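Commentary on secondary and tertiary structure
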Amino acid sequence: MNEKNTSCLLIPNSSLIAMSGGVDSSVSAYLMAQKYKTCVGATMLLFLNESLGVPSKYPCCSRENIIDAKKICETLGIEHEVLNLMQEFEDSVIKKFVSVYEDGGTPNPCIDCNKFLKFGALLKHANESGLEKIATGHYAKIKRDSSGRFLLFKAEDLSRDQSYVLYMMTQEQLARTEFPLGDMKKTEVRELAQELNFINAKKNDSQDICFIPDGNYGAFIEIFTGKKYPSGNFIDASGKILGVHKGIIHYTTGQRRGLGVAAKSRLYVSKIDSVTNNITLVPEDEAGLYCDKIKISGANLIAFDNLPENFCAKVKTRYRQKEIPAIINQINDDELIIEFKEKIKTPARGQAAVIYDGDLVIGGGTIFEVGVRRWELGG
């Protein structure tokens, strides 16, 4: 359903706010309630802690968080509802997370959650409810240029900026979305929550990957699938066996800790081969740990319909990584080639590469090929 067909059915001056029960979404709800006449808070039930073996002390998707979100809505005098999206979350996020690890890659489930749930299912529910806008507690900015195109920018608080995990947003999604915290510092958000006497003003922030709060991805995958992944060989660049690993799902490209291999110098994971079940380890100074080109698929461009030839920008291949100058060329609607102006540690397949021009998000995609020395456009 496109925007033109839905706009006449929407209630003017109305908004659906994603409410996690945390301080960011609560302050966002307050700000939206000051701006819009009709507001509804929606808590997306993505999983239950106990169903995934997550201890109840972790707040994300706990019953406590749902109760907190409801109380905030009562304080603001707005309606609250719970959207049961557990099946959608399992199908679109968790199963993909598992399959990418099984293939030797490193997924980014936060991006898939944003794509399919927060700006997919949530926007669909807003349409069905006749609500004009959706809002979340993300730290980013949306602006409209003179041509009417919607653009995505970094947040004012760069230490909290989340534009990296929002690169997949479409023009329709940007047109219908507000980020009330985009111009605020995190300290200002907490101060406002305390002034409003919100019950969650001092609540800790949620984990990066909500369904694996202890960071043990391998253990989670084995519990979720009920499978035990076979051990295999650690090898060096020449194929010499260096040791035995405990299953490829326990490792990621660039990893150096927890390998259990004795060596004269630090070793890093440079390649994970799901076909042979081998993991290649190299010293930090070896070429196999670095690359100067990557290819991405599933490309989404926000600032352009099509990328100008030999476009110069900066690219980030991990959420907390610094941006690296690069030249980007578009192969087709789905794929881009990124050539870095300096060698970088080889990023993991499955991670996102996001393109920036200053604070402006140009677009991005999923890394699926790395370390290739020469590519021809269209090849």
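Refer to the structure above for everything that follows.
Since the structure is predicted, the reported quantities are computational estimates derived from the model, not experimental observations.

Turning our eyes to something else, we now look at the overall build of the chain. Broken down by element type, the chain carries eight helices and 17 strands. For 379 residues, the compact-globule estimate of 2.2 N^0.38 gives 21 Å, and the C-alpha radius of gyration of the chain, at 22 Å, lies within 12% of that figure. Considered along the principal axes of its C-alpha atoms, the chain spans approximately 65 × 50 × 35 Å. The buried share among the 379 residues of the chain stands at 52%. The long-range fraction of contacts in the chain, counting pairs at least 24 apart against all pairs at least 6 apart in sequence, stands at 65%. When the accessible surface of the chain is totalled, it reaches about 17,900 Å², and 48% of it is carbon and sulfur.

Two strands in a sheet stick together by hydrogen bonds in their backbones, pointing the same way (parallel) or opposite ways (antiparallel). Taken in spatial order, the five strands make up an open sheet running 3-2-1-4-7, and their pairing is parallel. Strand pairing shows two members of the sheet lacking a second neighbour, strand 3 (79-84) and strand 7 (177-178), which therefore form its edges. Judged from the four bridges that link them, strand 1 (residues 11-18) and strand 4 (residues 131-135) form a sheet pairing that is parallel. Residue pairing in the sheet places isoleucine 11 in a bridge with leucine 131 of strand 4. Strand contacts of helix 5 (residues 109-129): strand 1, strand 2 (38-45), strand 3, strand 4 and strand 7, with the helix running at about 155 degrees to strand 4, the strand carrying the most contacts.

Moving on: the nonpolar core. Phe89, Phe97 and Phe211 are the most contacted members of the largest nonpolar core, which totals 50 residues. It is helix 5 that provides the largest number of residues to this core, a total of eight residues. In this structure, phenylalanine 97 is in contact with Pro107, Pro109, Ile209, Phe211, Ile212, Tyr217, Phe220 and Ile221, ignoring residues within four places of it in sequence. Core analysis: the next-biggest nonpolar cluster, separate from the first, contains 24 residues, Leu301, Phe311, Ile324 and Ala353 among them.

Right, let's get into helix 7 (residues 186-195). For helix 7, the full list of buried residues reads Lys186, Val189, Leu192 and Ala193. Seen from one end, helix 7 has its buried residues packed into an arc of 125 degrees, which puts them on one side. Turned more than 90 degrees from where helix 7 packs its buried face, Thr187 and Glu195 sit exposed. Elements that come into contact with the buried residues of helix 7 comprise helix 2 (23-35). At the exit of helix 7 stands asparagine 197, carrying a positive phi of roughly 60 degrees.

Our next topic: the side chain of glutamine 173. When you line up the elements, glutamine 173 lands in helix 6 (residues 171-176). A distance of 2.8 Å separates a polar atom in the side chain of glutamine 173 from the backbone oxygen of phenylalanine 119. Excluding its chain neighbours within four sequence positions, the residues that come into contact with glutamine 173 are Lys115, Phe119, Leu123 and Met168.

The next thing to look at is the sheet that holds strand 10 (residues 267-273). The strand order 9-8-11-10 describes an open sheet built from four strands, whose pairing is mixed. In the strand order of this sheet, the two ends are held by strand 9 (241-245) and strand 10, each with one partner. When the angles between neighbouring strand axes are averaged without regard to direction, this sheet yields 30 degrees. Pairing between strand 8 (residues 232-235) and strand 9: four bridges, direction antiparallel. Looking at the pairing, isoleucine 235 lines up with isoleucine 241 of strand 9.

Moving on: the state of the cysteines. Taken as a whole and assessed by the stated rule, the structure comprises zero disulfides. Unpaired in this structure, cysteine 291 has its nearest cysteine sulfur neighbour in cysteine 312, at a distance of 18 Å.

How each quantity is defined
Residues numbered from 1 in each chain as written. Predicted model: local features only at pLDDT ≥ 70, side-chain atom pairs only at ≥ 80, totals over all residues. Heavy atoms only, no water. Helix = DSSP H or I, 4+ residues; strand = E, 2+ residues; numbered from the N terminus. Rg over C-alpha atoms; globule rule 2.2 N^0.38 Å. Buried < 20%, exposed > 50% of the residue type's maximum accessible area, 1.4 Å probe, protein only. Contact = heavy atoms within 4.5 Å. Areas by Shrake-Rupley, 256 points an atom, 1.4 Å probe, with all protein chains shown as cover. Pairing = 2+ DSSP bridges. Axes fitted to C-alpha atoms, helices over the stretch in contact; angles between N-to-C directions. Core = buried A, V, L, I, M, F, W, Y, C linked by side-chain atoms within 4.5 Å. Arc of directions from axis to C-beta. Polar contact = N/O pair within 3.5 Å; in protein donor to acceptor, adjacent residues only side chain to side chain. Disulfide = S-S within 2.5 Å.

Read these as layout, nothing more, since geometry by itself doesn't imply function.
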